[in-house]
Amino acid sequence: MANIKANITELRQLLDITPAGHNLMLVGNHGIGKSEILTSYFSEKGMTVVALFLGQMSDPGDLIGLPRKNEQTGKTDFMPPYWFPVDGKPVVLFLDELNRARPEILQTIMDLALNRRLAGRALPEGSRVIAAVNEGDQYQLTDLDPALVSRFNIVQFVPTAQEWLLWARGTGVDSRVTDFIQENSIWLDKNPDAREGADTGLEKTPDRRGWKRVSDIISGCKKLTDVHFKAICSIVGPKAANEFRQSVSSHRLVSGRQVLYELDKHRNTLSKYRIHELSVVNEGIFRYLETEMIPQEDKAAVSTNLESYFEMLTKTTKEAAAHFGNLYVSSNLYPNACRFISSDCPMLTMSLIMYVKAIK
């Protein structure tokens, strides 16, 4: 259905260059953060996002307002609905669940998408219209009229696991959840054992919204009980919950923060890690530097540990060293981390550039 795919970074870039007069349609599964990303982006621009859940509307009046007689003209007007901007400031209309809407609701959307008008009332200049639709056989969906679809630029929204992990760390999601997803990203959005396109009915499967709810339940609980895991099972499903339980119960990898602040304490453990485990540690280091501000008084020690860690990789596991180097020179996902390394770790910066050039 969609023409191109975009992660969060790419979606923000698309929004930067797309004129306000263009309508955008985001295609993707539920629970991947469409409304959160849009709200965050447009809040930075000083614009309000009005989310309208079209699948819950039973009558066009829910969208366009209720009719009333204009005593001066004797004609029928429509009272502005609760969400309509009467102050003249542009807004972002987020039409969620567009392909769950009733046909009569979709007919109303046609005028909105084409003319930016509802019941004769124009949206303020500069307003945007962005729709979201689900796709897949597991949803009960309404077929969209090609004439309506043609009014939208269509983007398949596919946020990456690393983008979610950055968001999760920045918002305080429990580290046991982020550690699990970092090592098992295939469980972030689905049950990997499920048959593609199967109708899951009421069977719970994991999604990003669900893992945040898992964090809400276990945060502050040092030891997780059977009741905790039953609650987790109700959120992300039994298979994902079982994998998570095994992860929590088993050995946990050294975190990025521990490398940066306590390298000597964990050096022996790190020396026994295999390539895939060290790659997870590398990601953890960059993610920590991306989301956390290193205090001025700690920068010298952190820089020393970081340089020592990379030197250890070059001597023991060259593939992991190459992975670390590639994160620095080619990734747009960790600009703050790369900035810290460039400005506060000059010796490491030189080593990274030389190392990557040598392996290329």
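A short tour of the structure in this document, coming up. (Residues numbered from 1 in each chain as written. Predicted model: local features only at pLDDT ≥ 70, side-chain atom pairs only at ≥ 80, totals over all residues. Heavy atoms only, no water.)

1. What about the overall build of the protein?
Reasoning step 1: Helices and strands together make up the secondary structure of the protein, namely 16 helices and ten strands.
Reasoning step 2: Its C-alpha atoms give the protein principal-axis dimensions of roughly 85 × 45 × 35 Å.
Reasoning step 3: Out of the 360 residues belonging to the protein, those deemed buried represent 46%.
Reasoning step 4: Within the protein, contacts between residues at least 6 apart in sequence are counted, and of these 75% link residues at least 24 apart.
Reasoning step 5: Entry remark: accessible area of the protein is about 18,900 Å², with carbon and sulfur atoms responsible for 50%.
Reasoning step 6: Within the protein, one finds 42 positive and 43 negative side-chain charges whose respective centroids are separated by 2 Å. (Helix = DSSP H or I, 4+ residues; strand = E, 2+ residues; numbered from the N terminus. Buried < 20%, exposed > 50% of the residue type's maximum accessible area, 1.4 Å probe, protein only. Contact = heavy atoms within 4.5 Å. Areas by Shrake-Rupley, 256 points an atom, 1.4 Å probe, with all protein chains shown as cover. Lys, Arg positive; Asp, Glu negative; His and termini not counted. Charge placed at Lys NZ, Arg CZ, Asp CG, Glu CD.)

2. Observations concerning the environment of Pro90
Reasoning step 1: Looking at where Pro90 falls in the secondary structure, it is placed in the loop between β5 (76–78) and β6 (91–96).
Reasoning step 2: Exposure remark for Pro90: the relative accessible area of 30% places this residue in the partly exposed category.
Reasoning step 3: Sequence separation between Pro90 and Gly170 is 80 residues, and the spatial gap between their C-alpha atoms is 29 Å.
Reasoning step 4: Not counting residues within four places of it along the chain, the set of residues in contact with Pro90 comprises Met47, Pro124, Glu125, Gly126 and Ser127.

3. Regarding the packing of aromatic side chains
Reasoning step 1: Overall, the coordinates contain eleven aromatic pairs when judged by the stated rule.
Reasoning step 2: Considering the side-chain rings of Phe180 and Phe244, the 5.5 Å spacing of their centres and the 90 degrees angle between planes classify their relative orientation as edge-to-face. Pair noted here: Phe180 is in helix α7 (residues 175–183) and Phe244 is in helix α10 (residues 238–249), with a separation of 64 residues, a long-range link.
Reasoning step 3: Relative accessible area serves as the criterion here: at 1%, Phe180 is assigned to the buried category. (Phe/Tyr/Trp six-rings, centres within 6.5 Å; stacked < 30°, edge-to-face > 60°.)

4. Overview of α7
Reasoning step 1: Every buried residue of α7 is listed here: Arg176, Val177, Thr178, Phe180, Ile181 and Gln182.
Reasoning step 2: Those residues of α7 that are buried lie in contact with α6 (161–170), α8 (208–218), α10 and α12 (275–291).
Reasoning step 3: In this structure Asp174 caps α7, since a side-chain oxygen of it lies 2.9 Å from the backbone nitrogen of Arg176. (Polar contact = N/O pair within 3.5 Å; in protein donor to acceptor, adjacent residues only side chain to side chain.)

5. Regarding the sheet that holds β6
Reasoning step 1: Pairing in this open sheet of six strands is parallel, and the strands run β1-β10-β2-β9-β6-β3 from one edge to the other. Taken across any chain shown, the strands that pair with only one partner, and hence form the sheet edges, are β1 (4–6) and β3 (48–53). If you compare each strand with its neighbour and ignore which way they point, the axes differ by 30 degrees on average.
Reasoning step 2: Here strand β2 (residues 23–27) runs beside strand β10 (residues 152–157); their pairing, made up of five bridges, is parallel. Each residue of the ladder has a partner; that of Leu24, found in β10, is Asn153. (Pairing = 2+ DSSP bridges. Axes fitted to C-alpha atoms, helices over the stretch in contact; angles between N-to-C directions.)

6. A closer look at the layout of surface pockets
Reasoning step 1: Taken as a whole, the second largest pocket encloses approximately 730 Å³ of empty space.
Reasoning step 2: Lining the second largest pocket we find 24 residues, and of these Ile8, Ile37, Glu163, Leu166 and Trp167 sit closest to its centre.
Reasoning step 3: Elements with a minimum of two residues in the lining of the second largest pocket: α1 (8–17), α2 (34–44), α6, α8, α12 and α15 (335–344).
Reasoning step 4: When grouped by side-chain class, the residues that make up the lining of the second largest pocket number eight nonpolar, eight polar and eight charged. (1 Å grid on protein atoms, 1.4 Å probe; cavity = no way out; pocket = protein on both sides within 12 Å on 5 of 7 lines; lining within 4 Å. Points joined across faces, edges and corners; volume = space filled by probe spheres on them. Nonpolar A, V, L, I, M, F, W, Y, C, P; charged D, E, K, R; others polar.)

7. Considerations on empty space enclosed by the protein
To find leftover empty space, a probe the size of one water molecule is rolled over the atoms.
Reasoning step 1: For the structure on display, the rule yields two cavities of 30 Å³ or more.
Reasoning step 2: Space inside the largest cavity adds up to approximately 50 Å³.
Reasoning step 3: The leading source of residues in the lining of the largest cavity is α10, at three residues.
Reasoning step 4: Considering only residue class, the lining of the largest cavity consists of five nonpolar, three polar and three charged.
Reasoning step 5: Taken together, Leu15, Thr18, His22, Leu24, Arg128, Val129 and Ile130 form the lining of the second largest cavity.
Reasoning step 6: Considering each element in turn, the lining of the second largest cavity owes the most residues, three residues, to strand β9 (residues 128–133).

Function cannot be inferred from these measures alone, as they are strictly geometric.
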